[in-house]
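Tertiary structure, described
Listed here are the chains, written in short residue letters.
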Amino acid sequence: MDNRSEVREFLTTRRARITPEQAGLPTTGARRVPGLRRSEVATIAGLSVEYYARLERGQIAGASTGVLDALARALQLDETERAHLFDLARVADGIPTSGRPRRRTAGKAASRLSLQWALDAIKAGVAFVRDPHQNLLATNALGRAFYSPVIGDSGRTPNLARFQFLDPASRDFYPDWDLFAQMCVGIMRAEAGRDPHDRGLQDLVGELSTRSEIFRRLWADHNVRTHGSGTKRFNHPVVGELTLAYEELAVTAEPGLVLLVYTAEPGSPSAERLQLLASWATAPADTPTANG
């Protein structure tokens, strides 16, 4: 991925979304561009128009922390966007992957027995390990039952992004499909900013851009996000609708990998359905389920 192009597109899309009113500027006369003008961003950030124009052309190498902070404030970036801006600047300065430790290969991480034991120890929630390429590397028993539409029986490593954009079954599994699509692309965008030379991620982006017009459009928006924590809705083919809270935890022994745990509010209908799914996961094949 070309760093200058990434910087240029990120800054221009951030500038275009801010209205003069949001920036506290007076509005006079017709405006030829959406959002703020370059000169207005430069003024708010305390930069010369010429210097800001250079930054927006992608010439961000050498920009100081003070300049980047001023730019983040002027463009009203949230914490994830600010981190993405700094990642892009570090890449331009030749500092790889935000100074993070070198990543190990996903295969070695997924085969580590102690990591699988930790997953298996989680009984009441869906637990799985995901890499920066959206590969589902390892799960607990409930996770395998929960993600059965994603895992399938192809033998290929399950990939959440491919399922999201290339498998029609995702429309049923994710009731809030559009929101999930935006989240997926935003997470991938943030990963690409941290490590733009990640060949596996580049290949995945190229594949999805070729095969999915929606992915291509969302990728062009240059929105970034982190997962962190929150609530999601799912429609599981065995137990029906589930509303689950999620927490994302970094696997510090394997930089780049994250452990996600989905749980239901105790005593809620979703908790009962999740328990039913756990029973289904361990039941003999001919045991009847809630849906048949």
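Residues numbered from 1 in each chain as written. Predicted model: local features only at pLDDT ≥ 70, side-chain atom pairs only at ≥ 80, totals over all residues. Heavy atoms only, no water.

Before going further, it helps to examine empty space enclosed by the protein. Per the stated rule, a full pass over the model turns up two cavities of 30 Å³ or more. Quantified by volume, the largest cavity comes out at close to 200 Å³. Along its surface, the largest cavity is lined by 17 residues, and Gln134, Leu160, Cys184, His227 and Lys232 are the ones closest to its centre. Counting residues per element, the ones that place at least two in the lining of the largest cavity are β1 (126-130), α10 (160-166), α12 (177-194), β3 (229-236) and β5 (258-263). Looking at the lining of the largest cavity residue by residue, the class counts come to twelve nonpolar, three polar and two charged. Each pocket or cavity is described by its volume, and for the second largest cavity that value is around 60 Å³. Among the elements of the structure, α1 (3-16), α5 (79-92) and α12 are those that each provide at least two residues to the lining of the second largest cavity. Per-class residue counts for the lining of the second largest cavity are five nonpolar, three polar and two charged. (1 Å grid on protein atoms, 1.4 Å probe; cavity = no way out; pocket = protein on both sides within 12 Å on 5 of 7 lines; lining within 4 Å. Points joined across faces, edges and corners; volume = space filled by probe spheres on them. Helix = DSSP H or I, 4+ residues; strand = E, 2+ residues; numbered from the N terminus. Nonpolar A, V, L, I, M, F, W, Y, C, P; charged D, E, K, R; others polar.)

Side chains that differ in sign of charge can pair as their charged atoms come close. Applying the stated criterion across every chain yields a total of 15 salt bridges. Among the salt bridges present, the one from arginine 211 reaches glutamate 207, with a minimum N-O distance of 3.1 Å. Taken together, the residues span about one helical turn, with arginine 211 and glutamate 207 both in helix α13 (residues 199-211) at a distance of four residues. Residue class for arginine 211 comes out exposed when judged on its relative accessible area of 54%. The structure contains a network of salt bridges with shared partners spanning Arg14, Arg17 and Glu81. (Salt bridge = Lys/Arg side-chain N within 4 Å of Asp/Glu carboxyl O. Buried < 20%, exposed > 50% of the residue type's maximum accessible area, 1.4 Å probe, protein only.)

To continue, consider the packing of aromatic side chains. Inspection of every chain in the model, using the stated rule, returns 19 aromatic pairs. Through a chain of ring-to-ring contacts, the aromatic side chains of Phe128, Phe146, Tyr147, Phe163, Phe173, Tyr174, Phe180, Phe234, Tyr246 and Tyr262 assemble into a single cluster. The ring of phenylalanine 180 is capped by lysine 232, whose NZ or CZ atom sits 5.0 Å from the centre of that ring. (Phe/Tyr/Trp six-rings, centres within 6.5 Å; stacked < 30°, edge-to-face > 60°. Lys NZ or Arg CZ within 6 Å of the ring centre and 35° of its normal.)

Bringing the sheet that holds β5 into the picture now. Ordered in space as β2-β1-β5-β4-β3, the five strands form an open sheet in which the pairing is antiparallel. Each end of this open sheet is capped by a strand with a single partner; those strands are β2 (136-139) and β3. Within the sheet, the average angular offset between the axes of one strand and its neighbour, ignoring direction, is 30°. Of the strand pairs in this sheet, β3 and strand β4 (residues 240-250) are connected by eight bridges, and their pairing is antiparallel. Of the residues in β4, the one forming a bridge with phenylalanine 234 is leucine 242. In the packing of helix α7 (residues 113-120) onto the sheet, the strands contacted are β1, β2 and β5, and the crossing angle to β2 comes to about 60°. Contacting β1, β3 and β4, α12 runs over the sheet at an angle of about 130° to β3. (Pairing = 2+ DSSP bridges. Axes fitted to C-alpha atoms, helices over the stretch in contact; angles between N-to-C directions. Contact = heavy atoms within 4.5 Å.)

So, on to the confidence of the model for the protein chain. When pLDDT is averaged along the protein chain, the result is 89, and 90% of the positions lie at 70 or above. A low-confidence stretch, residues 98-107 (pLDDT under 50), is modelled with 17 contacts involving residues beyond four sequence positions or located in other chains. For the stretch residues 286-292, pLDDT sits under 50, and the model shows eight contacts to residues farther than four places along the chain or on other chains. (pLDDT = per-residue confidence, 0-100.)

So, about the packing of helix α2 (residues 38-45) against helix α4 (residues 65-74). Contact geometry for α2 and α4: axes closest at 8 Å, N-to-C directions at 120°. Relative to α4, α2 is oriented oblique. Pair α2 / α4 crosses with right-handed handedness. On the side of α2, the interface is formed by Val41, Ile44 and Ala45, while α4 contributes Ala70, Leu71 and Ala74. Partitioned by chemical class, the residues of the contact of α2 with α4 number six nonpolar, no polar and no charged. (Parallel < 35°, antiparallel > 145°, perpendicular 65-115°, else oblique. Left-handed = near helix turned anticlockwise from the far one by under 90°.)

Within the secondary structure, threonine 19 sits in the loop between α1 and α2. Exposure remark for threonine 19: the relative accessible area of 32% places this residue in the partly exposed category. C-alpha separation for the pair threonine 19 and glycine 35, spaced 16 residues apart in sequence, amounts to 4.6 Å.

Here we come to the side chain of serine 270. Here serine 270 shows up in helix α15 (residues 269-282). The exposure class assigned to serine 270 is buried, which follows from its relative accessible area of 8%. Once residues lying within four places of it in the same chain are set aside, the contact partners of serine 270 are Glu241, Leu242, Thr243 and Ala264.

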